[in-house]
Amino acid sequence: MQIDCFMRKLFCSSSPSVPVALPSRRETHFWYIIPDEVKDASLLNQYLELLTPCEKKTILQMQGDKLQKGALLARALVRTTLARYTDTQVSPSLLKFRKNKFGKPEVEWQHNEKWDPPSLHFNISHTSSLIACGVTVDMPIGIDVEEKERKTRNDSLSFARRYFSLHEVERLHAITDPEVQQHEFIKLWTLKEAYVKALGRGFSAAPFKTFTIRFRSKTKSSSHVPIDSLSEDFEIVVEYPNGSEYGMTNWQFVLFELASSHYATICVENHKIMEGEENHPLKLKVWRTIPFVEDECVSGTDSVVTISGLT
């Protein structure tokens with residue numbers, strides 16, 4: 001995976017976030033924090049000052065330091081990341097947000113005569129060990145991250161029977177190795193979660209059982225896709241029974257391993273694809289960050305291992 005990227009590091013916690021050029025056409029930027037790497041109390045207080053009184057109150061009412069820290073880092077990551085794309089026109093603390101009718105957060109730009117805000121879309125996902133934010137321009141986006149060793153209360157097949165489509169359950173059932181089966185279950189979960197979040201309608205409006213994630217061969221000579229060995233010879237598609245308004249939209253996925261410890265999925269809606277561009281792959285740039293302290297571009301390194309979606 002050859003990606004034009006850069007690396008930079010900042011070591012002054014009072015420094016603002018460094019501006020970043022907007023994602024180009026058909027490109028996603030992906031920023032993530034590892035909470036255990038953020039230990040400085042003064043830095044956490046600096047993040048707290050970026051939030052609105054309502055956000056602060058919500059966080060401080062949470063039970064447990066770990067939950068509070070995770071929620072704080074998530075909000076700080078969103079604010080500092082989006083502010084990077086405003087060419088210093090808007091500081092992280094001045095960003096305003098609204099929710100669509102299904103509850104998905106969106107940026108509420110304050111327009112003025114001197115500056116035309118970008119058409120940014122973003123989505124956030126987090127586990128106790130990693131928090132991520134994906135950003136695009138003009139493309140609705142959903143992301144999900146899950147720990148590779150995530151454990152479910154019941155075995156993965158029991159869980160799948162409750163939430164997944166019949167085809168997905170059969171796919172998992174065909175895997176005899178329990179560890180491989182568990183990993184394939186987690187990959188499917190991230191794909192379905194990212195898709196629902198990209199729809200912007202929430203789980204209640206698009207329950208996991210109502211659609212199927214399929215791994216379809218790109219070669220006309222074969223429709224078979226290895227169950228536990230994913231490659232660039234296939235594509236990920238969404239299918240609905242009997243047709244659906246959602247299934248008519250062109251969605252594109254990127255599935256990858258992140259930081260050797262997580263599976264991550266990006267799903268974007270390609271509603272502005274021009275004729276003849278359908279098969280063009282998405283571009284991806286990934287940064288590990290500690291806002292105001294350090295940014296490291298990790299695209300093309302061992303920290304980002306593509307499973308599907310990029311060339």
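Residues numbered from 1 in each chain as written. Predicted model: local features only at pLDDT ≥ 70, side-chain atom pairs only at ≥ 80, totals over all residues. Heavy atoms only, no water.

- The name an unreviewed UniProt entry assigns to the protein is holo-[acyl-carrier-protein] synthase, from the organism Macleaya cordata.

## A few points about the overall build of the protein
Moving on, step 1. Along the backbone of the protein there are six helices and 14 strands.
Moving on, step 2. Of all 311 residues assigned to the protein, the portion counted as buried reaches 50%. (Helix = DSSP H or I, 4+ residues; strand = E, 2+ residues; numbered from the N terminus. Buried < 20%, exposed > 50% of the residue type's maximum accessible area, 1.4 Å probe, protein only.)

## Looking at helix α5 (residues 166-173)
Moving on, step 1. Those residues of α5 not exposed but buried are Glu168, Val169, Arg171 and Leu172. Each buried residue of α5 sits inside an arc of 160° when the element is viewed along its axis, so together they form one side. Opposite the buried face of α5, by more than 90 degrees, sit the exposed residues Leu166 and His173.
Moving on, step 2. In this fold, the buried residues of α5 make contact with α4 (156-163), α6 (178-199) and β8 (212-217). (Arc of directions from axis to C-beta. Contact = heavy atoms within 4.5 Å.)

## A closer look at the pattern of salt bridges
In a structure, side chains of opposite charge can pair up when their charged atoms sit close to one another.
Moving on, step 1. What the rule picks out here adds up to 12 salt bridges.
Moving on, step 2. The closest approach of N and O atoms between Arg84 and Asp295, which form a salt bridge, is 2.9 Å. Remark: Asp295 occurs in strand β13 (residues 294-297) and Arg84 occurs in helix α3 (residues 65-84); sequence separation between them is 211 residues. Across the pair, Asp295 and Arg84 agree in class, each one buried.
Moving on, step 3. One salt bridge connects Glu257 with Lys148, and the closest N-O pair in it is separated by 3.1 Å. You can see Glu257 sitting in strand β10 (residues 251-258) and its partner Lys148 sitting in the loop between β7 (141-147) and α4, a full 109 residues away along the chain. (Salt bridge = Lys/Arg side-chain N within 4 Å of Asp/Glu carboxyl O.)

## Remarks on the sheet that holds strand β14 (residues 304-308)
Moving on, step 1. Taken in spatial order, the four strands make up an open sheet running β7-β11-β10-β14, and their pairing is antiparallel. Looking at strand neighbours, the two that pair on one side only are β7 and β14, the edges of this open sheet. Neighbour-to-neighbour, the strand axes of the sheet open up by a mean angle of 25°, direction not taken into account.
Moving on, step 2. Where β10 and β14 come together, four bridges link them in antiparallel fashion. Its bridge partner being in β14, Leu255 is matched across the sheet by Ser308.
Moving on, step 3. Seen against the sheet, α6 touches β7, β10, β11 (262-269) and β14 and runs at an angle of roughly 155° to β7. (Pairing = 2+ DSSP bridges. Axes fitted to C-alpha atoms, helices over the stretch in contact; angles between N-to-C directions.)

## Quick notes on the packing of aromatic side chains
Moving on, step 1. What the rule picks out here adds up to 18 aromatic pairs.
Moving on, step 2. Plain terms: the ring middles of Phe159 and Trp189 are 5.6 Å apart, the flat faces sit at 45° to each other, and that makes the pair tilted. Remark: Trp189 occurs in helix α6 and Phe159 occurs in helix α4; sequence separation between them is 30 residues. Comparing Phe159 with Trp189 shows no difference in burial state: the two are buried.
Moving on, step 3. Their ring planes at 85° and their centres at 5.3 Å tell us that Tyr195 and Trp251 sit as a pair that is edge-to-face. In this pair, Tyr195 sits in helix α6 while Trp251 sits in strand β10, placing the two residues 56 residues apart along the sequence.
Moving on, step 4. Classification of Tyr195 as buried rests on a relative accessible area of 0%.
Moving on, step 5. Owing to a relative accessible area of 10%, Trp251 belongs among the buried residues under this scheme.
Moving on, step 6. Through successive ring pairs, a cluster of aromatic residues spans Phe159, Tyr163, Phe164, Phe185, Trp189, Tyr195, Phe208, Phe211, Tyr240 and Trp251.
Moving on, step 7. Seen from the ring of Phe164, Lys192 lies directly overhead, with NZ or CZ sitting 5.5 Å from the centre. (Phe/Tyr/Trp six-rings, centres within 6.5 Å; stacked < 30°, edge-to-face > 60°. Lys NZ or Arg CZ within 6 Å of the ring centre and 35° of its normal.)

## Quick look at unusual backbone geometry
Most of the time, phi is negative for any residue but glycine, and the peptide bond is trans.
Moving on, step 1. You will see that Thr88, though not glycine, has its phi angle at about 65°, which is positive.
Moving on, step 2. Tracing the backbone through its elements, the reader meets Thr88 in the loop between α3 and β3 (97-99).
Moving on, step 3. Notably, Asp138 is not glycine yet its phi reads approximately 65°, a positive angle.
Moving on, step 4. Here Asp138 lies in the loop between β6 (131-137) and β7.

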